[in-house]
Amino acid sequence: MLEIRSLSEGIFEVTKDKKQLSTLNLDPGKVVYGEKLISVEGAEYRTWDPRRSKLGAMVLKKFDIPLRKDSKVLYLGAASGTTVSHVSDIISEGAVYSVEFAPRSMRDFIGLASRRKNIFPILADAGKPDSYAHIVEPVDLIFQDVAQPNQAEIAARNAARFLKKEGYLLLSIKARSIDTAASPKEIFKEEVKKLEQAFEPGFEILTARDLMPYHEDHLGVLAKLKE
Ligand SMILES: C[S@@+](CC[C@H](N)C(=O)[O-])C[C@H]1O[C@@H](n2cnc3c(N)ncnc32)[C@H](O)[C@@H]1O
């Protein structure tokens, strides 16, 4: 039995033996990180592992994912592109500006980006948005997964610079990269407060949920700019 259910624009649940989160492969026949390809009536779905992707986990934790096929996205912390590849599938007619500061990860990522016209790789520090302001246009979504102690500050700097007034921020907060001793609950409370007050006008938090069972001690946050 094969069943396809749309969860959000460009995001599907494909059931073939078991339910699998999937996106429509923009680069048919190619896999990025060992995921499965499932062909259905001329379309090819690429399975998306929520344990390897905070964004995938957010989909399954029922966040509203503000992505459309023509969205412009600024992705901070691209690594070698596991999740960026799915964003690229979803925003098939848009652009994903992808910032990563580790040259090793960037090397692998360039291979992926060269096969997909909507990925723009940027080797830079996400804490210094001025250094890539000449490349990035105003965006509908900032997705951030940098696992840094100053995550709220990084989000604020990039939002002030690139986020459209009606745009969104999706952020993954890793408790252990902020404080290894304090309780994750306390850390999350503090980080959410920082986001609300990070800059003028600050973020309004729309959804905040832990990403268990896919990622331990991680909080997913969906926010927009305060009016
Ligand atoms: C958890 S990994 C990201 C995984 C990736 N988002 C995915 O799902 O495929 C965090 C990444 O953020 C990068 N990173 C951390 N701090 C950064 C910064 N200030 N600027 C750019 N990249 C950064 C790290 O090098 C690492 O590759």
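Quantities reported herein were computed from a predicted structural model and do not represent experimental measurements.

Describing the sheet that holds strand E7 (residues 95–100)
Piece 1. Reading across the sheet, the seven strands line up as E8-E7-E6-E9-E10-E12-E11 and stay open at both edges, with mixed pairing between neighbours. Among the strands making up the open sheet, the edge pair consists of strand E8 (119–123) and strand E11 (203–210). Going from strand to strand, the sheet's axes swing by 15° on average, the running direction of each strand aside.
Piece 2. With respect to the sheet, helix H2 (residues 82–90) is in contact with strand E6 (72–76), E7 and E8, its orientation differing from that of E6 by roughly 175°.
Piece 3. The strands touched by helix H5 (residues 184–197) are strand E10 (163–174), E11 and strand E12 (218–225); relative to E11, the strand with the most contacts, the crossing angle is about 160°.

Examining the UniProt feature "binding site: S-adenosyl-L-methionine" (unreviewed entry) in the protein
Piece 1. On the UniProt side, "binding site: S-adenosyl-L-methionine" (unreviewed entry) is annotated at positions that read Thr82, Thr83, Glu100, Phe101, Asp125, Ala126, Asp145, Val146, Ala147 and Gln148 here. If you take the residues mentioned a moment ago, the ones lining the largest pocket come down to Thr82, Thr83, Glu100, Phe101, Asp125, Ala126, Asp145, Val146 and Gln148.
Piece 2. Tracing the chain through its elements places Thr83 in helix H2.
Piece 3. In contact with Thr83, other than residues within four places in its own chain, are Arg52, Ser53, Leu55 and Tyr75.
Piece 4. Along the polypeptide, Phe101 turns up in the loop between E7 and helix H3 (103–115).
Piece 5. Dropping the residues within four chain positions of it, Phe101 is found in contact with Leu123, Ala124, Asp125 and Gln148.

Considerations on the domain arrangement of the protein
Piece 1. In terms of domain boundaries, the protein breaks down into domain 1 (3–47) and domain 2 (54–225).
Piece 2. For domain 1 versus domain 2, the distance between C-alpha centres works out to 23 Å.
Piece 3. Contacts between domain 1 and domain 2 engage 16 residues on the former and 19 residues on the latter.
Piece 4. Taken together, both faces of the contact between domain 1 and domain 2 bury some 1,400 Å²; the carbon and sulfur share is 60%.

Examining the packing of aromatic side chains
Two aromatic rings, taken as a pair, are described by how far apart their centres are and by the angle between their planes.
Piece 1. The full count for this structure, using the stated rule, is four aromatic pairs.
Piece 2. Ring centres of Tyr97 and Phe120 lie 5.1 Å apart, and the angle between their planes is 25°; this geometry places the pair in the stacked category. Taken together, the residues Tyr97 in strand E7 and Phe120 in strand E8 connect sequence positions 23 residues apart.
Piece 3. Here the guanidinium or amino end of Arg209 rests over the ring plane of Phe63, the centre of that ring lying 5.4 Å away.

Regarding the sheet that holds strand E5 (residues 43–47)
Piece 1. Strand order across the open sheet formed by five strands is E1-E2-E3-E5-E4, with antiparallel pairing between neighbours. Both edges of this open sheet fall to strand E1 (2–8) and strand E4 (37–40), since each of them pairs with a single strand only. Strand-to-strand twist in this sheet, taken as the mean axis angle between neighbours without regard to direction, amounts to 40°.
Piece 2. Where strand E2 (residues 11–16) and strand E3 (residues 18–24) come together, six bridges link them in antiparallel fashion. Within the sheet, the bridge partner assigned to Val14 lies in E3 and is Gln20.

What counts and what doesn't
Residues numbered from 1 in each chain as written. Predicted model: local features only at pLDDT ≥ 70, side-chain atom pairs only at ≥ 80, totals over all residues. Heavy atoms only, no water. Pairing = 2+ DSSP bridges. Helix = DSSP H or I, 4+ residues; strand = E, 2+ residues; numbered from the N terminus. Axes fitted to C-alpha atoms, helices over the stretch in contact; angles between N-to-C directions. Contact = heavy atoms within 4.5 Å. UniProt positions renumbered as here; feature names shortened; annotations may be inferred. 1 Å grid on protein atoms, 1.4 Å probe; cavity = no way out; pocket = protein on both sides within 12 Å on 5 of 7 lines; lining within 4 Å. Domains from an automatic or database assignment. Buried area = accessible area lost by both parts, 1.4 Å probe. Phe/Tyr/Trp six-rings, centres within 6.5 Å; stacked < 30°, edge-to-face > 60°. Lys NZ or Arg CZ within 6 Å of the ring centre and 35° of its normal.

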